[in-house]
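Spelled out, the chains give:
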There are 2 protein chains.
Amino acid sequence: MAIAAPLILIVDDEAPVRSVLAAALHAAGYRTIEAPTLRFGLSHALGHRPDLILLDLGLPDGPGLSLVTTLRPAIRTPIIVLSARGEDRAKVAALDAGADDYLTKPFSIEELLARIRVALRHADAPICGENGLAFAAGGVHVDPVRRAVSRDGEAIHLTPTEYKLLLALVRQAGRVATHRSLLTEVWGQSAAAHPHYLRVYMAQLRNKLEDDPSNPVLLLTEPGVGYRMIENAS
Amino acid sequence: MAIAAPLILIVDDEAPVRSVLAAALHAAGYRTIEAPTLRFGLSHALGHRPDLILLDLGLPDGPGLSLVTTLRPAIRTPIIVLSARGEDRAKVAALDAGADDYLTKPFSIEELLARIRVALRHADAPICGENGLAFAAGGVHVDPVRRAVSRDGEAIHLTPTEYKLLLALVRQAGRVATHRSLLTEVWGQSAAAHPHYLRVYMAQLRNKLEDDPSNPVLLLTEPGVGYRMIENAS
DNA sequence: GCGGATCCTGACGGAATCTTGAGGCGACCA
DNA sequence: TGGTCGCCTCAAGATTCCGTCAGGATCCGC
């Protein structure tokens, strides 16, 4: 059976641009869907589950980056940002927000296609923990799209930092998340020297999520290495 | 606790460029090693196992791309290509050869750092396809991706040192691992003088993994030479 | 300005881990 | 028989790592 061609979501407000991109992508053997605004982009991204997203910044209904920031915690779909603005600030902001690549217009179609191949190559290997949108196990449920966490059906309030840490753990559910990866993901590159943050916030997460915080079942310690969230059961 | 900062290999023939890059990377909290030629780049990449490689094309002793093509099948380390040439051809060729990103000089350090963060982020992500290292035999199962070890289906907790030693043995499963190779792999170069460490930790591994620790079946002693883990059955 | 929530930071006790030493056992050899 | 050597076992510090608590700083809405 033929494997379905990768589906690429094009988010751009200018119809001509969309059709040029779509034509080039079709010629290269991809399927495409298009969205003219942030709102449609978001709903299509969640609804159609594309394999890759091409995002033009500068959309009419809001900052294009917000698509990245809202989408990235929920799904791992590679996002390539296209922009007319080539300032470093914008690039760094987009990349740090979770974008996987950034092309400044004008760019050649060949380069775009090559970078799409790179992004798809990256996305191909993983998908180990399913990375389904949601996590559920041991009575705890995490919904990254709604940014909602519940335990035994009751909503749990988490502070921003707690939630970020939980997401980083959920994303690696079943595997060991090293101190370093957690620290850099939650507090940024420079935090690698402060493993103490982790202890404090792990304790808070356990207090909120575990039945018996001193005998954790969900959030396990791997001494000298990091922490491990139990396997996703959903 | 000091968590090792990511190690970045800089391959560039011009010493001033290398030192500028190294300075910027140090300032950002990374460790670096440098290589002026392809040959050294290759040997450092394989010897030091950096977390990321910055590769300048146009090296004196051959086409820079050959580093990508020879390295990529062997290791998954992200490679960012730096080049003065901005032609699409070169970009496409590099990216398709296995490079993960391509920056055209001149570029800003901020952008480089942001793209390094992207690449390291990718590298942190789980990889499932590459289970080649997984080991299973005699009821014992080792899963390096999850950093999990089980015996007869039950999870076994290993300390960092025990796990490191087990991995070193698994990597040589079926063959003899000499005392010296195990010692240097687990405790570093300077440990060759303390063969006693090995005995202690081999005993602990046997206690945790063998049915009858005093009559080992999995972890065999090769008197005078080293130890041997039985052949992988998976 | 005020109250509340959140985050950072230091101090401390206890747990897990690593290191080191002492002693036992069996193989081998003179 | 006695000695040496390599390997195994056990266990007691020493050290590192982790969980907990709480005070103070910061931010934000009102």
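Computed from a predicted structure; not experimentally measured.

Right, let's get into the protein's contact with DNA strand C. Near DNA strand C there are 19 residues, and of these His 157, Thr 161 and Tyr 197 of chain A together with Thr 161 and Tyr 197 of chain B occur at the shortest range. For DNA strand C, a phosphate oxygen lies 2.5 Å from a polar atom in the side chain of Thr 161 of chain A. The side chain of Trp 187 of chain A places a nitrogen or oxygen atom 3.1 Å from a phosphate oxygen of DNA strand C. Among the secondary structure elements, those contributing two or more residues to the surface near DNA strand C are helix H6 (160-171) and helix H8 (195-209) of chain A together with helix H6 (160-171) and helix H8 (195-209) of chain B. When grouped by side-chain class, the residues that make up the surface near DNA strand C number eleven nonpolar, eight polar and no charged.

Residue and element names in this part refer to chain B. Look at H6 against H8: their axes get within 10 Å of each other, and the N-to-C directions meet at 85°. When the interaxial angle is binned, H6 and H8 end up roughly perpendicular. Side by side, H6 and H8 meet where Thr 161, Glu 162, Leu 165, Leu 166 and Leu 169 of the first sit next to Leu 198, Tyr 201, Met 202, Gln 204, Leu 205, Lys 208 and Leu 209 of the second. Split into classes, the residues belonging to the contact of H6 with H8 amount to eight nonpolar, two polar and two charged.

Moving on: the protein's contact with DNA strand D. DNA strand D sits among 20 residues. The nearest are Arg 206, Thr 221 and Tyr 227 of chain A together with Arg 206 and Thr 221 of chain B. Restricting the count to atoms of DNA strand D within 4 Å of the protein gives a sugar and phosphate share of 71%. A distance of 2.7 Å separates a phosphate oxygen of DNA strand D from a polar side-chain atom of Thr 221 of chain B. Separating a phosphate oxygen of DNA strand D from a backbone N or O atom of Gly 224 of chain B is a distance of 2.8 Å. Among the secondary structure elements, those contributing two or more residues to the surface near DNA strand D are H8 of chain A together with H8 of chain B.

All right, on to the packing of helix H7 (residues 179-187) of chain A against H8 of chain A then. Residues and elements named next belong to chain A. For the pair H7 and H8, the least separation of the axes is 10 Å and the interaxial angle reads 85°. On the basis of their axis angle, the class for H7 and H8 is roughly perpendicular. On H8, the residues touching His 179, Leu 182, Leu 183 and Trp 187 of H7 are Pro 195, Tyr 197, Leu 198 and Tyr 201. Here the residues of the contact of H7 with H8 sort into seven nonpolar, one polar and no charged.

Let us now look at the packing of aromatic side chains. Residues and elements named next belong to chain A. As enumerated under the stated definition, the model contains four aromatic pairs over all chains in all. Centroid distance Trp 187 to Tyr 197: 5.4 Å. Interplanar angle 50°. Geometry classified as tilted. With Trp 187 in helix H7 and Tyr 197 in helix H8, this pair connects stretches of sequence that are ten residues apart.

Each value, and the rule that gives it
- Residues numbered from 1 in each chain as written.
- Chains lettered and ligands numbered in written order.
- Predicted model: local features only at pLDDT ≥ 70, side-chain atom pairs only at ≥ 80, totals over all residues.
- Heavy atoms only, no water.
- Near = heavy atom within 4 Å.
- Polar contact = N/O pair within 3.5 Å; in protein donor to acceptor, adjacent residues only side chain to side chain.
- Helix = DSSP H or I, 4+ residues; strand = E, 2+ residues; numbered from the N terminus.
- Nonpolar A, V, L, I, M, F, W, Y, C, P; charged D, E, K, R; others polar.
- Axes fitted to C-alpha atoms, helices over the stretch in contact; angles between N-to-C directions.
- Parallel < 35°, antiparallel > 145°, perpendicular 65-115°, else oblique.
- Contact = heavy atoms within 4.5 Å.
- Phe/Tyr/Trp six-rings, centres within 6.5 Å; stacked < 30°, edge-to-face > 60°.

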